[in-house]
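# Descriptive structure summary
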Amino acid sequence: MSELQTNAFWMPFTPNRAFKSAPRIVERAEGIYLTEKGGRQIIDATAGLWCSNAGHGRTEIADAIYKQAKTLDYSSIFNFGHELGFEYAERLIQHTPDGLNHVFFGNSGSEAVETALKIALQYQRARGKGTRTMFIGREKGYHGVNFGGISVGGIAPNYQSFGQPVKANHLRHTLDIKRNAFSRGLPQHGVELAEDLERLVNFHGADQIAAVIVEPFAGAGGVVLPPKGYLQRLRAICDKHDLLLIFDEVISGWGRTGSAFGAIEFGVTPDMITSAKGITNATVPLSAVFVQEEIHNTIMDAAAEGMVEFFHGYTYSAHPVACAAGMATLDIYEREGLLTRASGDIAKYWEDALHSLEDGHNVIDVRNYGLVGAIELRAPEKLSGKFGAKVSGMAWEAGVMTRGIGDALCMSPPLVIEKHEIDAIVDKLRSVLSTLS
Ligand code: PMP
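Only a predicted model underlies this, so the values are computations on that prediction, with no experimental measurement involved.

### Overview of the site of the ligand
If you check the shell around the ligand, you find 14 residues, and the closest are Ser108, Gly109, Ser110, Gly144 and Val250. No other element matches the 3 residues that helix H5 (residues 109–126) contributes to the shell around the ligand.

### Topic: the pairing of strand E15 (residues 408–411)
Burial along E15 is two-sided: the residues Ala408 and Cys410 and Leu409 and Met411 are all buried. In the sheet, strand E12 (residues 372–377) pairs with E15 via 4 bridges, with the strands oriented antiparallel. If you follow Gly373 over to E15, its bridge partner there is Met411. Examined bridge by bridge, strand E14 (residues 403–405) and E15 share 3 bridges and lie antiparallel to one another. From the neighbouring strand, Ile405 faces E15, where its bridge partner is Ala408. What sits between the antiparallel neighbours E14 and E15 is a turn of 2 residues, in which Gly406 has the positive phi angle 60°.

### Examining the sheet that holds E14
Spatially, 4 strands are ordered E11-E12-E15-E14 in an open sheet, and the strand pairing comes out antiparallel. Two strands close off the open sheet at either side, each with one partner strand: strand E11 (363–369) and E14. Strand-to-strand, the axes of this sheet are offset by a mean angle of 20°, without reference to chain direction. Against the sheet, helix H15 (residues 345–355) contacts E11 and E12, and its axis sits at roughly 175° relative to E11. Contacts from helix H16 (residues 387–398) reach E12, E14 and E15, with the element oriented near 165° to E14.

### What to know about the domain arrangement of the protein chain
Each domain of the protein chain was delimited in the assignment, giving domain 1 (16–54 + 339–434) and domain 2 (63–335). Computed over C-alpha atoms, the centres of domain 1 and domain 2 are 26 Å apart. Facing 33 residues of domain 1, the contacting portion of domain 2 comprises 28 residues. Of all the secondary structure elements, the ones that give two or more residues to the side of domain 1 that touches domain 2 are helix H2 (47–50), helix H14 (338–341), H15, E11, E12 and E15. Among the elements that make up the side of domain 1 that touches domain 2, the one with the highest residue count is E11 (6 residues). Among the residues forming the side of domain 1 that touches domain 2, the class breakdown is 16 nonpolar, 11 polar and 6 charged.

### Overview of the nonpolar core
Within the largest apolar cluster, 124 residues are counted, with the highest numbers of intra-cluster contacts made by Ala211, Val212, Leu234 and Ile246. The element contributing the most residues to this core is helix H13 (residues 320–335), with 8 residues. For Val212, the contacting residues outside a window of four places in its chain are Ile136, Leu197, Leu234, Cys238, Leu243, Leu245 and Ile246.

### A word on H13
The terminal C-alpha atoms of H13, which comprises 16 residues, lie 22 Å apart, in line with the 22 Å expected from a rise of 1.5 Å per residue. Of all the residues in H13, the buried ones are Pro320, Val321, Ala322, Cys323, Ala324, Ala325, Gly326, Ala328, Thr329, Leu330 and Tyr333.

### A look at unusual backbone geometry
Phi angles above zero are rare outside glycine, and Trp50 is one such case at about 60°. Summarising the element assignment, Trp50 is placed in helix H2. A positive phi angle, near 60°, is found at Trp254, a position not held by glycine. Along the polypeptide, Trp254 turns up in the loop between strand E8 (244–248) and helix H11 (262–266).

### Some details on the sheet that holds strand E13 (residues 400–401)
With mixed pairing, the 4 strands of this open sheet are ordered in space as E1-E2-E3-E13. One side of each edge strand has no neighbouring strand; the edge strands of this open sheet are strand E1 (26–30) and E13. Sheet analysis places E1 next to strand E2 (residues 33–36), joined by 4 bridges and oriented antiparallel. Its bridge partner lying in E2, Val26 is registered against Glu36.

### Here's the deal with the packing of H5 against helix H12 (residues 293–302)
How two helices sit against one another is set out by the angle between their axes and by the gap between those axes. Packing of H5 against H12 brings their axes to within 9 Å, and their N-to-C directions diverge by 60°. Considering their axes alone, H5 and H12 lie oblique with respect to each other. As H5 packs across H12, the resulting crossing turns out to be left-handed. Packed against H5, whose contacting residues are Ile119, Gln122, Tyr123 and Ala126, the element H12 presents Ile295, Thr298, Ile299 and Ala302 at the interface. Looking at the contact of H5 with H12 residue by residue, the class counts come to 6 nonpolar, 2 polar and no charged.

Quick notes on the rules
- Residues numbered from 1 in each chain as written.
- Predicted model: local features only at pLDDT ≥ 70, side-chain atom pairs only at ≥ 80, totals over all residues.
- Near = placed C-beta within 6 Å.
- Helix = DSSP H or I, 4+ residues; strand = E, 2+ residues; numbered from the N terminus.
- Buried ≥ 20, exposed ≤ 12 C-beta atoms within 10 Å, placed from the backbone.
- Pairing = 2+ DSSP bridges.
- Axes fitted to C-alpha atoms, helices over the stretch in contact; angles between N-to-C directions.
- Contact = placed C-beta atoms within 7 Å.
- Domains from an automatic or database assignment.
- Nonpolar A, V, L, I, M, F, W, Y, C, P; charged D, E, K, R; others polar.
- Core = buried A, V, L, I, M, F, W, Y, C linked by C-beta atoms within 7 Å.
- Expected span 1.5 Å × (residues − 1).
- Parallel < 35°, antiparallel > 145°, perpendicular 65-115°, else oblique.
- Left-handed = near helix turned anticlockwise from the far one by under 90°.

Structure, rendered in structure tokens:
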């Protein structure tokens, strides 16, 4: 067999040269297992990249994709539709919080974010508040890699080389290990951090701000959970100053927290929700923005007769194959009760298992909610901020895929995970941790 050529593919978010010297290639995936080239099995404790919520290799979704590609592989988007797009949108909104009943489709989380930001701007303009053009994000927030997303995002490498082309400022993040170490579920301390929004409103003026965008819990920032009452307080401050609140639920959506959306789980209704990843169980690209009735209607009503109400869209918005994959994914989520599985017995088991890794030395925090969690490590000084990646590499060698973020190992296993599989993850991690000095 000829050797794999690794030059042409410029890989995303990857130190390409290091990868080429030791390529890590996965060949197959089934259930919660990945199979490496050569046959070694690895437990996927991150559901891919927080996205294969129903586990890998779901034949039902693959069959739906194949069938749709043979029946209607594509139709245009200009004044054009296909029934499946409408049926799928109606079905999706059965799962969204009350009032978020319009769906705009894109292909990726990044596109969903750009779409939501543009809807916010157009809404403000449509209701005569066109000075409201800036956004408030949050430190450690991740909202994709497009220009709006990197501007509102709060993870330095994502914007440092590119600037912040969209006007944005950032709330302080809510990770406070000193006060909240080894919390189970939502942290007790930190609700007052929501008051930081008042500071930013005072600084910029409410009449300059279109929307606040946060993840209910920050995923790529290192599994940063909202302190108790924090999201409620943000909502209240947004209402006081007439700001839109957008929840980026690209990770927290589709059952990760124990409800279909973090908004439902945490009892706070935003004005828009962005969604991707688990929406198709990550089989094919698809994203959506769920939009509240009044925003949608204001934009529709403001457009002059004969105008396109919202001049925005993608060649592949509501792509028929993606809609078919999404429908089949919903069939599985609904039939197998996956959207609420992470609120039950398995979440408690996950919590206890992760917390059993507390060792009084290498582990300085464990945090968890639903079926997501992080183990924060004590990093040697010269590896501070990079230790997670190093230990995640060791975990891979030991047979478990985690995500190293800063000094943490982050995990979000497929929602179908069983208790003995959680045991296997934790056993492997325990043996990795025992080798750290
Ligand atoms: N928003 C959030 C909260 C995310 O976690 C991600 C991806 N990790 C994105 C947006 C971007 O999604 P994509 O990579 O599909 O563009």
